[in-house]
Amino acid sequence: MEELKKINLEEIYYAPLFNKFANYMEKFPGGGLILTTTKKLFAWSRKSSLWPVTFGLACCAIEMMAAYASRYDLDRFGVIARASPRQSDVMIVSGTVTAKMAERVKRLYSQMPNPKWVIAMGSCAIAGDFYRNVYSVVPGVERVIPVDVYVPGCPPTPEGLIEGIRKLQQKIMEGAKK
Amino acid sequence: MKREKIKEELKLEETKDGFLVFKSSEFYHVMERIKKDFPYLSFITAVHFPQEKAFDVIYAFRNIDEPEIIFLKTKIKEEEKLPSAYKFYKGADWMEREIYDLFGIEFENHPDLRRIVLPEDWEGHPLRKDYPINKAPEKYDYRKKPVLRRED
Amino acid sequence: MNVILFSIIYLIVALTIVMYITWFERKFAARIQNRVGPYYVGRPHGWLQPLADVVKLMLKEDIVPKKADKTIFNIAPPLVFIGALLTFCVLPVAKGLYISDLAVGIIYFFAVSSLMIFGVFLAGWASNSKYALLSAFRAGAQVVSYEIPLILSALVPVVLAGSLRTSEIVRAQDIPFALYPVFGWVAFIIFLIAGLAEENKVPFDVPEAESELVAAYNVEYSGMKFALFYASEYAHILALAVLASILFLGGYRGFYPHVGPEWVWQVIWLFIKSFFMLCLFLLIRWSFVRIRIDRLLLFSWRILFPISLINLFLAAIWKIFF
Amino acid sequence: MEEKVKISEPEEEIILNMGPQHPSTHGVLRIILKLSGEKIVSAKPDIGYLHRGVEKLGETVTYVQFLPMLDRNDYLSATTNELGLVLAVEKLANIPVPERAQYIRVLFSELSRLASHLVWLGTFCLDLGGALGGGTSVFLFCFREREKILDIFEKMTGSRMHPHLMQYGGVRYDVYPGMDKDVKEILDLMEERINEYEEMLVNNPVFIDRTKGVGILPKEVAMEYGCSGPVLRGSGVKYDLRKAHPYSSYDKFDFEIPVGENGDVFDRFKVRMEEMRQSVRIVRQALEGLPEGPITSQMPVKVKVAVRTPPGEVYTAIESPRGELGYYICSDGKPNAYRLKIRAPSFSNLSVLPYLLKDHLVADIVAILGSLDPVFGDVDR
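Treat the numbers as computed from the prediction; the structure is a model and nothing was measured. (Residues numbered from 1 in each chain as written. Chains lettered and ligands numbered in written order. Predicted model: local features only at pLDDT ≥ 70, side-chain atom pairs only at ≥ 80, totals over all residues. Heavy atoms only, no water.)

## Observations regarding the pairing of strand β6 (residues 312–320) of chain D
Residues and elements named next belong to chain D.
And step 1. Burial analysis of β6 places 9 of its 9 residues in the buried class, which makes it a mostly covered element.
And step 2. Side-chain alternation along β6 places Gly312, Val314, Thr316, Ile318 and Ser320 on one buried face and Glu313, Tyr315, Ala317 and Glu319 on a second face that is also buried.
And step 3. Of the pairings in the sheet, the one linking β6 to strand β7 (residues 323–331) comprises 9 bridges and is antiparallel in character. Paired with Val314 across the bridge in β7 is Ile329.
And step 4. Hairpin connection, β6 to β7: the antiparallel pair is bridged by 2 residues. (Buried < 20%, exposed > 50% of the residue type's maximum accessible area, 1.4 Å probe, protein only. Helix = DSSP H or I, 4+ residues; strand = E, 2+ residues; numbered from the N terminus. Pairing = 2+ DSSP bridges.)

Written out as C-alpha cells, the structure reads:
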C-alpha cells in the first residue's frame, strides 16, 4: 500500500536514459528548447498508442468491448487491447471490484511497466454504486490503486469511454508542459 | 400428477404455498424416491430464522417429460448437519457449497465442502440474518482503507 | 565499403517497411471488419501510428521478472530479431542488387530463419511462466513439423532451376509460373500454408493463441524487448513474402519499358509481387479460425509432408527427362 | 483425421492457473488446471470474483428499489432479469397485468435475447480464433448488429444496456410512435445476417473440426447438474419454460424449440443460432398482435414502499437467454423480501465445467467455456 502512494509524476514520465541525458542537456545553450520538444515528442508518442490491458469485470466490460467494435472503433486513436499486462500502458477498470478481486487488480497494476495509467469506468469502479455497502465490494477502485480518469455512468456509453480516453490523452500532454 | 403420488407415498405435509415438508432424518429415503420421477435438480436454497435458531432448506426438482415442479422443505437447527444430495444429483455439489459459504450449513458426505464465492479466509456467513450487510473481515474491509490519488 | 553502405540502406528500408506493415495490417483488418483503423495519429489515416508505437515502446520500463533466467531472458529477443534480419541477406531486390549472393542461398535462408524459433524457445523457457512454456513447446512442435514441407516445397524451384542461388532461380524463370508445370503450383500452395505455419500466423497461431495462452512466449516481455519480438515477426513475414515471389513469381523480373535505370523497375516489380504475397498472407490471417494443435501437427505429417515429398520426386524426374 | 490422437503421457503434471484476468474467460472466472502435457487431468473452477451480494441486498432494500439493481445481474439481457422478479412479486401479491404490457414484455425480452446471443456468438468466435485472428471479424460483425438493437432500447427507455423497463403491474414505458418500423428493419436485417453468419461458420472445416465431438454433455448428466436453456436443449432435451410453463402470454405465440442431438459444442451453437431465428419470429408476432389498452395496472410508482406482498413463499422461473432464471421469495408482509434467492442459470450451467473439461486439450477449454455462455454477474450474483 505504501509503495503505491509514493508514485509521482517523475515516475510516470519514466525514461531513465533520457533523464540522465537531460541533466547534461540543460547546461548547454539551447538545450532547454530541445528538451521541451523531446518531452513533447515522448508525451505525444505515449498518448498516441495507449494500449489497455484486456480486463473486464462486469457490465462495463461489455460497453468497453462495444467501444473496440465497429461503430466506435477505438483503434482510430491507436488504442488496441493487449492481453498481457506487461505490454500495456493503461488499465480500464470496468466494473465492480470485489474484495476477492482487489488483490488481483493490485497485482495486475504492479505488473504493468511504467509509465502507466488507470481509468475507472462506471459508477462501481468510481465509488461502488448500489453495492458500496455490501460486505464483499470495494467502494471504488481508488482504494486499491491510484486512478487518473473517472468515467461516470452505469454503464458509461462507449462515447463516454472515448471521452475518458481523450481526457487521459490531454492529461498526458499537459504533463509534458511541466 | 406425480407430485400428489409422492406426497401420499411418503406421507408428507404440505404448506399453504405448496411446499412439501420432510424430516431431515428421512433424507436419503425421500431423495431416492424423488430421483425416480424428478431427475432434474433445479435449485437448493436456505432461509435463516434467527429467533428460532433454525434454517429452512428448500429443494426444487423438475420433471422434464411432463412439465412439473416439486418443492421440498426441511427444517434444521443451526448446529445441525444435513446429508448431501450429491449422491443423487451431481449438481448439488456447487449449490451446497454456496449454501455452506453463505449460510454456514454443513453437508455430510459432500466431496469437497469449501467456500465457493467468498475467499477461503472469510469470517462469518453473510446471508444469515444476524450478519450486517456492511460487515467484512478486517483484511477485506476496503471501506476503512485510504483513497489513493496521484499527485499532480 | 560499398557493400556495407548498401546493407545499411537495405536494412533501414526493410525495417521501415516492416514498421509500416504493422500499420497496413491494422488498416487491412479494419477494412475487413467494417472499421476505420488508425486514423487520428497523423492525418491522413494515422500514418504516424507505427512511429508513435515504436517511440512509446522504447520509453517503457523494462521489466525482468524476479524468477526469470536473466541472461537467457535478455538474449532471446535480440537473437530472434537478428535471425529475422539476417534472412534478408540473400534476397536480391534487383539484378545485381543484393547483400550477398551465396551459393547456398536457400539453405542459408531456412537455417537462419530457424534461429528465430530457437529464440522463441529460449524466451518461453526463461520467462518462468507456464503460459510462455506451453507456447514454446507448441512452437517447437510446430516448427519441426512444418519446416520439412516448407523446405521440400522450396526445393522444387531449386531443382528445376538447378541452383541454390536466389539470383539463378530468378534467372531461370522466363515467365512466372510457366517454368513450372503442376509441380510448381503444388509447391507454391504448400509453401503458402507451411510458410504461414512457420510464421505462427492465424490459422496456425497455436503458439500465440491469445484466447488460450494470453500473449504466448512474449507474455513476460515489456518495452523494447517486446518490440523486438513484434518487429521480427513482421520482418519474417516480409522476408517470406519476398522469398515466395522470388521462388515462384519470377522475383524482380517483369515487363517494363526501357526508360530510366533498369533496377528501379525491377525493384518496383519485386515490390508489387511481394505486396501481393503479403496481402494473401494477411487475407488468410484475418479470415480463418485457429486450428487445434494436434490437428495441426497431423495435417502436416499426414498430408503436407507426403504430398511435398512426392511433388519433389516428380519434379526431379521431370527435370531429368525433359 | 477422425480418430482421437493419443498423446503420450509425460511423468510430470503442471498446474496452470487460468484467470481471473484472461482474455477468454468471459469475465472473471479462474480455472485451476492440472495438465499433463496439453491434456487436462482435472479442472477446478474458482468463482466469486464478482460476488456483489445481490441476494443480501435484496433483503435490505424494497422491491421497488431492488428492480433496477437486477439489471446489472445478467448484464447481457437486462429485461429478462426484471421480468423474473416482477412475475414473482405479481404472483405473490396478486397484481393483474394488462395484456398490452405482457406483449411489450415479450417483445423486449426477445429483443434482449437476440442481443445477448449476438454477444455470445461474437465472444465464442473470438475465443476460437484468437483476439488477433479471424474470429475477431465475427465478433465485430455481431457487435455491429447488437448496436442496432440497443438503439431501440435507448430510444424507448433512455438507456442502452440497463433499461429498467418493467414495473410491478406492467411496464414503465409505452412503445414510441414509429417503433414498429424501426424494429421491423432490424428483424429483416437480422434474418439475413443470422443466415450469413451460420453459413460462414458451418461451411468452415476448421470451425467444424474445433466444435464437433468436443465437450459432449449427455442428457442425464445435464439434468443432474441442473443445466438449462440452450445447454440442456443442445443435449437433446426438448424443454423450454416458455412452452412448459407459459408466462406473460407466451402461450399465444407460435414458435418452435430447437434441439440438438449429441450435446457437443457444435449442437449448442446450432441451438442458439436457431433460437435467434425463433426470437425474430416471436418479435414479429408481438409487433403485429400488440393489443390496445393501458400499459400498467398501477400508477407509475415513485414511493419506494409502494409494493407490499402478503406473507408467503413463491417461486417463478422464466426462460432467460441462458436458461431457467428463477426467483424464490420468502416474504413476511413487509415491502422488502425476507429472503430472496436468485436461481441463476449460468451458475448451474457453469458447474458442469469440470465434468466437461476432463480429458480435453488446452485449446478446447475456450470452445467449451464459450459454448456454456456464462455471465459472471449471474454466476456470482
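## Describing the environment of C:Trp318
And step 1. Along the chain, C:Trp318 falls in helix α11 (residues 293–321).
And step 2. Taking the relative accessible area as the measure of exposure, C:Trp318 reaches 30% and is therefore partly exposed.

## Here's the deal with the sheet that holds β7(D)
Residues and elements named next belong to chain D.
And step 1. Strand order in the open sheet made by the 3 strands is β6-β7-β8, with antiparallel pairing throughout. Both outer strands of the open sheet, β6 and β8 (339–343), are each paired with one neighbouring strand and no more. The average undirected angle you get between the axes of adjacent strands in this sheet is 10 degrees.
And step 2. Against the sheet, helix α3 (residues 78–93) makes contact with β6, β7 and β8, and its axis sits at roughly 150 degrees relative to β6, the strand it touches most. (Axes fitted to C-alpha atoms, helices over the stretch in contact; angles between N-to-C directions. Contact = heavy atoms within 4.5 Å.)

## Thoughts on unusual backbone geometry
And step 1. Here the residue pair A:Cys154 and A:Pro155 is connected by a cis peptide bond, since its omega of -15 degrees sits within 30 degrees of zero.
And step 2. Cis geometry marks the peptide bond from C:Arg43 to C:Pro44; its omega dihedral reads -5 degrees.
And step 3. Within the secondary structure layout, C:Pro44 lies in the loop between α1 (2–32) and α2 (49–59).
And step 4. Non-glycine residue D:Ser248 carries a positive phi angle of around 45 degrees.
And step 5. Mapped onto the elements of the fold, D:Ser248 is located in the loop between α10 (241–244) and α11 (265–288).

## A closer look at the arrangement of the chains
And step 1. Here the protein chains form 5 pairs of chains in contact, of which the pair with the most contacts is chains B and D.
And step 2. The least C-alpha distance between chain B and chain C, which are not in contact, is 19 Å.

## Focus: the pairing of strand β5 (residues 68–77) of chain B
All names here are of chain B.
And step 1. Within β5, 8 of the 10 residues are buried, which leaves the element mostly enclosed by the surrounding structure.
And step 2. Across 2 bridges, strand β2 (residues 20–21) lies against β5 in parallel orientation. Across the sheet, the residue bridging to Val21 is Lys73, located in β5.

## What to know about α11(C)
And step 1. The end-to-end C-alpha distance of α11(C), which contains 29 residues, comes to 41 Å, matching closely the 42 Å that a straight helix rising 1.5 Å per residue would cover.
And step 2. Along its buried surface, α11(C) packs onto α5 (130–161) and α7 (182–199) of chain C together with α7 (205–211) of chain D. (Expected span 1.5 Å × (residues − 1).)

It is worth stressing that arrangement in space is one thing and function is another; only the former is reported here.
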